Amino acid sequence: MERIKRNILCIDLKSFFASVECVKRGLDPFTTPLVVANNKQGNGAITLAVTPYLKNLGIKGRTRLYEIPKNITYQIVPPRMKLYLEKSKEVVKIYADFVSFEDLHIYSIDECFLDVTDYLHYYQLTEEELAVKILQTIETKTGLTATCGIGPNMLLAKLAMDIDAKKYKNGIAKWTYEDIETKLWPITPLSKIWGIGSRLEKRLNNLGIYSMGDLAKQNPLFLKKKFGVIGEELWEHSNGLDNSLIKDFNKTPIEKSFSHSQVLFINYYNEEIYLILKEMLELLTTRLRSQKKETALLSLGISYSKEIGGGFHHSLKITEPTDQTNELFAICVNLFDKFYEENMPIRKVSIALGRLTEKQGIQLNLF
């Protein structure tokens, strides 16, 4: 895979829910011990966010109330998703003042990617200077603080933001391809990396892979054998390779797809969801075969319970189109293991099969 070279910014709003609640109350999130959680669920409620002040004391953004040390006094406020969506839209409008929507990818309610490659000459600014200007504008107009990662592709920009940005006073970090061996390879545990959840981390650890350097040194064919298409992606990411373009995310898909979603009546956790995934894929592959189609793109969406909020939605291209349930189930499980946060309550599952092609019959030659 060739190395693309763009100027990508990955911007994250710090402790978004908790910071919005502080701003609304005229409080400073860096000096206020505030937690966003549904207090009606008692001491076992999971926090949706904590302020930077509490994070500096070692409190994780997602934790149960009883896990917060008893000697720390804090304020609990209930989540207000409508307010957070409104605030997120305000910030997106700020991004749209700097770049066009085709160069903007909204990754989540508090995180965006901007491709500023074609704007640096127009603004007569370096990518670092433009990042400073955008972050200052966000703080001036909304009261929210953001961090930013800069990289030649989306992966390295995201990693720079996740791993390094918080270390700098201006909240901005830049990674280049030259930084891979010194900044990316030493990273351990693997769950620090975007796209490696605790479940996938355990599977990699069982193979003796504990750092990104360990992963980079593996034979990509071995990883593909163990993890399917995701194995190849893991190897590419361990070497800082990612050819995703923001413009591609914003193209309207024109091909037909088959999809199925299911709202669950009770919370499902961890491997309990596998049976649901298998049943949904059996329905979808039956439709594929009935119309003599194969799929080259699988998308999996997982939504957590309303009390928790969030989840994920990710797609994976399939090298060889298929209509086989077991092959698609293996891909689905790998995607789930990669992005699922362990012990989070699942309430909705969505699966879509895209990039449909006509199934090609195989003619057997007995001679």
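Note that this is a predicted model, so its numbers are computed, not measured.

With that settled, the discussion passes to the overall build of the protein. Regarding its fold elements, the protein presents 14 helices and 13 strands. Taking 2.2 N^0.38 as the reference for a compact globule, 367 residues should give roughly 21 Å; the C-alpha atoms of the protein span a radius of gyration of 22 Å, in line with that estimate. Overall, the protein is about 80 × 55 × 40 Å in size when its C-alpha atoms are taken along their principal axes. Buried positions account for 48% of the 367 residues belonging to the protein. Taking the contacts inside the protein whose residues are at least 6 apart along the sequence as the reference set, 66% of them involve residues at least 24 apart. For the protein, the exposed area adds up to about 19000 Å²; of that, 52% sits on carbon and sulfur atoms. Computed over 48 positive and 44 negative side-chain charges, the inter-centroid distance for the protein is 4 Å.

Of all five residues in strand 6 (residues 111-115), five are buried; the element is thus mostly enclosed. Taking every second residue as pointing to the same face, both faces of strand 6 are buried, with Glu111, Phe113 and Asp115 on one and Cys112 and Leu114 on the other. Where strand 1 (residues 8-13) lies against strand 6, five bridges are found, and the strand directions are antiparallel. The residue of strand 6 that forms the bridge with aspartate 12 is glutamate 111. Relative to strand 6, strand 5 (residues 104-108) runs antiparallel, the two being bridged by four bridges. Within strand 6, the position partnered with leucine 104 by the bridge is leucine 114.

The residue tyrosine 53 is located in helix 2 (residues 52-55) in this model. The exposure class assigned to tyrosine 53 is partly exposed, which follows from its relative accessible area of 31%. Considered as a pair, tyrosine 53 and proline 33 are 20 residues apart in the sequence and their alpha carbons are 6.0 Å apart. Ignoring any residue separated from it by four or fewer positions in sequence, one finds tyrosine 53 in contact with Pro29, Phe30, Thr31, Thr32 and Pro33.

On to the packing of helix 10 (residues 220-227) against helix 11 (residues 229-238). Two numbers describe how helix 10 lies on helix 11: the axes approach to 6 Å, and their chain directions differ by 140 degrees. Judged on the interaxial angle alone, helix 11 and helix 10 are oblique. In the packing of helix 10 onto helix 11, the handedness of the crossing is right-handed. Taking contact as the criterion, the partners of Pro220, Leu223, Lys224 and Phe227 in helix 10 are, on helix 11, Val229, Ile230, Gly231, Glu232 and Trp235. Looking at the contact of helix 10 with helix 11 residue by residue, the classes come out as six nonpolar, one polar and two charged.

Throughout the structure, instances matching the rule amount to 13 aromatic pairs. Plain terms: the ring middles of tyrosine 122 and tyrosine 123 are 5.0 Å apart, the flat faces sit at 75 degrees to each other, and that makes the pair edge-to-face. The class for tyrosine 122 is exposed, based on a relative accessible area of 65%. Note that lysine 278 overlies the ring of phenylalanine 329, its terminal NZ or CZ placed 5.1 Å from the centroid. Lying across the ring of phenylalanine 258, arginine 287 places its NZ or CZ 4.3 Å from the centre.

Averaged over the protein, the pLDDT score is 91; the fraction of residues at 70 or greater is 96%. Across residues 362-367, confidence stays below pLDDT 50; counting only partners more than four residues off in sequence or on other chains, it has zero contacts.

Let us look at unusual backbone geometry. Each neighbour pair has its own omega, and for threonine 188 with proline 189 the value is 0 degrees, a cis peptide bond. Along the chain, proline 189 turns up in the loop between helix 7 (180-184) and helix 8 (198-205). Positioned with a positive phi, glutamine 124 is a non-glycine residue whose angle comes to about 55 degrees. As for its position among the elements, glutamine 124 is in the loop between helix 4 (120-123) and helix 5 (127-142). Taking relative accessible area as the criterion, glutamine 124 reaches 60% and is therefore assigned exposed. Of note, arginine 355 is a non-glycine position whose phi angle comes to about 50 degrees, a positive value. One can find arginine 355 in the loop between strand 12 (346-354) and strand 13 (357-358).

Looking now at the nonpolar core. Across soluble globular proteins, nonpolar side chains have a tendency to be buried as a group. Core analysis: the biggest nonpolar cluster contains 105 residues, and Leu300 and Val349 have the highest contact counts within it. If sequence neighbours within four positions are ignored, valine 349 has contacts with His260, Ser261, Gln262, Leu264, Ile273, Ile276, Leu277, Met280, Leu300, Gly301 and Ile302. Within the second largest apolar cluster, nine residues are counted, among which are Val35, Ala45, Val50 and Ile72.

Calculation rules
- Residues numbered from 1 in each chain as written.
- Predicted model: local features only at pLDDT ≥ 70, side-chain atom pairs only at ≥ 80, totals over all residues.
- Heavy atoms only, no water.
- Helix = DSSP H or I, 4+ residues; strand = E, 2+ residues; numbered from the N terminus.
- Rg over C-alpha atoms; globule rule 2.2 N^0.38 Å.
- Buried < 20%, exposed > 50% of the residue type's maximum accessible area, 1.4 Å probe, protein only.
- Contact = heavy atoms within 4.5 Å.
- Areas by Shrake-Rupley, 256 points an atom, 1.4 Å probe, with all protein chains shown as cover.
- Lys, Arg positive; Asp, Glu negative; His and termini not counted.
- Charge placed at Lys NZ, Arg CZ, Asp CG, Glu CD.
- Pairing = 2+ DSSP bridges.
- Axes fitted to C-alpha atoms, helices over the stretch in contact; angles between N-to-C directions.
- Parallel < 35°, antiparallel > 145°, perpendicular 65-115°, else oblique.
- Left-handed = near helix turned anticlockwise from the far one by under 90°.
- Nonpolar A, V, L, I, M, F, W, Y, C, P; charged D, E, K, R; others polar.
- Phe/Tyr/Trp six-rings, centres within 6.5 Å; stacked < 30°, edge-to-face > 60°.
- Lys NZ or Arg CZ within 6 Å of the ring centre and 35° of its normal.
- pLDDT = per-residue confidence, 0-100.
- Core = buried A, V, L, I, M, F, W, Y, C linked by side-chain atoms within 4.5 Å.

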